[in-house]
Amino acid sequence: MKEDPLEAFLAGNWRNRWLKYPCMEVYVRKSSRVLSGQLIQCFDIGSVEVDEGYRNKGVFRVFLKRFEQIAAREGKHVFVENALNPLLADMLRRRGYQTTLDAIHCECFFLPPQ
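This text gives an overview of the structure that appears in the document. Quick caveat, the model's predicted, so the values are computed rather than measured. (Residues numbered from 1 in each chain as written. Predicted model: local features only at pLDDT ≥ 70, side-chain atom pairs only at ≥ 80, totals over all residues. Heavy atoms only, no water.)

Section: the sheet that holds strand β4 (residues 77–80)
One open sheet accounts for 6 strands, arranged β1-β2-β3-β4-β6-β5; its pairing is mixed. Edge positions in the open sheet fall to β1 (16–21) and β5 (98–101), since each of these has one partner strand only. Neighbour-to-neighbour, the strand axes of this sheet turn through a mean angle of 30°, independent of strand direction. Here 6 bridges tie β1 to strand β2 (residues 24–35), and the two strands are oriented antiparallel to one another. Bridge pairing in β2 links Arg 17 to Val 28. Packing of helix α2 (residues 59–74) onto the sheet brings it into contact with β1, β2, β3 (38–50), β4 and β6 (107–111), and relative to β3 it is tilted by some 160°. In the packing of helix α3 (residues 86–94) onto the sheet, the strands contacted are β4, β5 and β6, and the crossing angle to β6 comes to about 30°. (Pairing = 2+ DSSP bridges. Helix = DSSP H or I, 4+ residues; strand = E, 2+ residues; numbered from the N terminus. Axes fitted to C-alpha atoms, helices over the stretch in contact; angles between N-to-C directions. Contact = heavy atoms within 4.5 Å.)

Now the structure itself:
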């Protein structure tokens, strides 16, 4: 059985990695960030590329739900960089993400462990 890319990333010594799935690639990172004036440990999502035929069908939402569960289990925040897609930004808000601006004033989102 093929190893899950997310589990392999979390178990490995990588700081960042592209996770490749059959219809999607997600760039993830283990980071420390200053959020609300505190240094916070995070699991980041830096980029998402969903194959055109699978967009807006919940593929990323399934991944995100699992990513959030693992982050919560590990006591980490989820941080989503530069959510430039308005549909993604709306989905993150509905899921309870808070907003912050990065160094170049792009809107980013974070979710504390729940």
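So, next bit.
Here's the deal with the environment of Ala 89
Counting through the fold element by element, Ala 89 comes out in helix α3. Looking at Ala 89, the relative accessible area reads 5%, which means it is buried. Spatially, the C-alpha atom of Ala 89 lies 11 Å from that of Phe 110, the residues being 21 residues apart in sequence. For Ala 89, the contacting residues outside a window of four places in its chain are Ala 83 and Phe 109. (Buried < 20%, exposed > 50% of the residue type's maximum accessible area, 1.4 Å probe, protein only.)

Notes on the side chain of Arg 29
Tracing the sequence through the fold places Arg 29 in strand β2. Separated by 2.4 Å, the side chains of Arg 29 and Glu 81 make a polar contact. Setting aside chain neighbours within four positions, we find Arg 29 in contact with Phe 9, Arg 15, Asn 16, Cys 42, Phe 43, Asp 44 and Glu 81. (Polar contact = N/O pair within 3.5 Å; in protein donor to acceptor, adjacent residues only side chain to side chain.)

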